[in-house]
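Next come the chains, spelled out residue by residue.
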Amino acid sequence: MARLAILEFPDPRLRTRAAPVAAFDAALERLIGDMFETMYEAPGIGLAATQVNVHQRLIVIDTSELKNDPQVFINPQILARDGLEVTEEGCLSVPQVFEEVERAARVRARAQDRHGVVSERELDGLLAVCLQHEMDHLEGKLFVDYLSSLKRDRIRRRLEKEQRERDGAPRPRSGVPLRVGAKVI
Ligand code: ZN
C-alpha cells in the first residue's frame, strides 16, 4: 500500500465531477487500500477518491473510535433524507478549518461494495454526515461552499499563503495539531 497525496483547496482539481466506477478489479482493490492508508495516517474519518486526484465515485469511511470499521461506498446514491443536523466539520482537503454545516440527520443510501455488490442501508449520526460530505467531493463540492463567500475567500487566502510558504520550505504534514474533538472528514 502507499500513502497518496491529498489535494488541498483551492486546487481546481477538487472541482472535478467523478465518473462511475466500472471495473471491480485488482487496480480498484489497490486504490481502496491506498485510500484507507492515506485516510488513517492523515488522520481522517473519510476520504473521497477526488481528494487523491482519482476522479471515480469511490469513498472510504471509518467513523469508529478504534479505526477497525473500514467501510467502502462505490457509486453511492442517497435515496432518501430525513431530519436536519448541524455538525462541526473539517476536511483533509481544507486543513485546519472547522465550521458548522447543516445536513440531513438520516439518509437511506445505496452503494456497491469492493466486489460490485449493491446494498441499501439506513445511516445516521456521524456516518450519515460523513457520507454526505464525501459524496459532495464526488460532485466537485467542498464543505466551505456552504459558508458565506466572505468566509470562504478568507479561508482560500489563508490556505494559499500556507501553500506558498510550504512550497518554499517543505515540511511534513504530519504533526499538524488538530482541534480536539473535531472530526476531519
Ligand atoms: Zn472532505
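This text goes with the structure placed above it.
This report concerns the structure included in the present document. All values reported here derive from a predicted model rather than from experimental measurement.

Reading the values: rules and limits
Residues numbered from 1 in each chain as written. Predicted model: local features only at pLDDT ≥ 70, side-chain atom pairs only at ≥ 80, totals over all residues. Heavy atoms only, no water. Helix = DSSP H or I, 4+ residues; strand = E, 2+ residues; numbered from the N terminus. Rg over C-alpha atoms; globule rule 2.2 N^0.38 Å. Buried < 20%, exposed > 50% of the residue type's maximum accessible area, 1.4 Å probe, protein only. Contact = heavy atoms within 4.5 Å. Core = buried A, V, L, I, M, F, W, Y, C linked by side-chain atoms within 4.5 Å. Pairing = 2+ DSSP bridges. Disulfide = S-S within 2.5 Å. Salt bridge = Lys/Arg side-chain N within 4 Å of Asp/Glu carboxyl O.

## Details of the overall build of the chain
On a plain count of helices and strands, the chain comes out with three helices and six strands. Moving toward the C terminus, one meets the helices and strands of the chain in the order α-β-β-β-β-β-α-α-β. Taken over the C-alpha trace, the chain has a radius of gyration of 16 Å; the compact-globule value for 185 residues is 16 Å, and the two agree within 12%. Here the C-alpha coordinates of the chain stretch approximately 45 × 40 × 30 Å along the principal axes. Relative to its 185 residues, the chain shows a buried fraction of 46%. Partitioning the intrachain contacts of the chain with sequence separation of at least 6 by distance along the chain shows that 68% fall at a separation of at least 24.

## What to know about the nonpolar core
Ile59, Ile61, Phe73, Val107, Leu123 and Leu131 are the most contacted members of the largest nonpolar core, which has 20 residues in total. Sorting the residues of this core by element identifies β2 (58-61), β3 (71-91), β4 (94-112) and α2 (125-138) as the ones contributing at least two each. No other element matches α2, which puts seven residues into this core. Apart from the residues lying within four places of it in its own chain, the contact partners of Ile61 are Phe36, Met39, Ile45, Gly46, Asp69, Pro70, Gln71, Phe73, Leu127, Cys130, Leu131 and Glu134. Leu28, Met35, Val52 and Val60 belong to the second-largest nonpolar core, a separate cluster that totals 19 residues.

## Points about the pairing of β2
Regular strands have side chains that alternate between both faces of the sheet. Here β2 shows a buried face lined by Leu58 and Val60 and a second buried face lined by Ile59 and Ile61. Taken together, the three bridges between strand β1 (residues 46-48) and β2 define a ladder with antiparallel strand orientation. Counterpart to Ala48 in the pairing with β2 is Ile59. Direction of pairing for β2 relative to β3: antiparallel, over a ladder of four bridges.

## Description of the environment of Met35
With respect to the secondary-structure elements, Met35 resides in helix α1 (residues 26-41). Considering only alpha carbons, one finds Met35 and Ala2, 33 residues apart in sequence, at a separation of 8.3 Å. Not counting chain neighbours up to four residues away, the residues in contact with Met35 comprise Leu4, Leu47, Ala48, Ala49, Val52, Leu58 and Val60.

## Structural notes on the state of the cysteines
Summed over the entire model, instances satisfying the criterion amount to zero disulfides. In this model Cys130 remains outside any disulfide bridge; the closest cysteine sulfur is found in Cys91, 9.9 Å from its own.

## A few points about the environment of Ala104
Within the secondary structure layout, Ala104 lies in strand β4. Distance from Ala104 to Ala80, taken between C-alpha atoms, is 9.4 Å for residues 24 residues apart in sequence. Once residues lying within four places of it in the same chain are set aside, the contact partners of Ala104 are Arg81, Asp82, Gly83, Leu84 and Gln132.

## Description of the pattern of salt bridges
For the coordinates displayed, the defined rule picks out 18 salt bridges. Linking Asp136 and Arg103 is a salt bridge whose minimum nitrogen-to-oxygen distance equals 3.0 Å. A residue pair is termed long-range when its members are at least 10 positions apart, and Asp136 in helix α2 and Arg103 in strand β4 qualify at 33 residues. The same class applies to Asp136 and to Arg103, which are both buried. A salt bridge links Glu120 to Arg110; the shortest N-O distance between them is 2.8 Å. With Glu120 in strand β5 (residues 118-124) and Arg110 in strand β4, the pair connects residues that are 10 residues apart, well separated along the chain. The partly exposed category is assigned to Glu120, whose relative accessible area is 35%. You can call Arg110 partly exposed: its relative accessible area is 31%. Connected via shared salt-bridge partners are Arg108, Arg110, Glu120 and Glu122.

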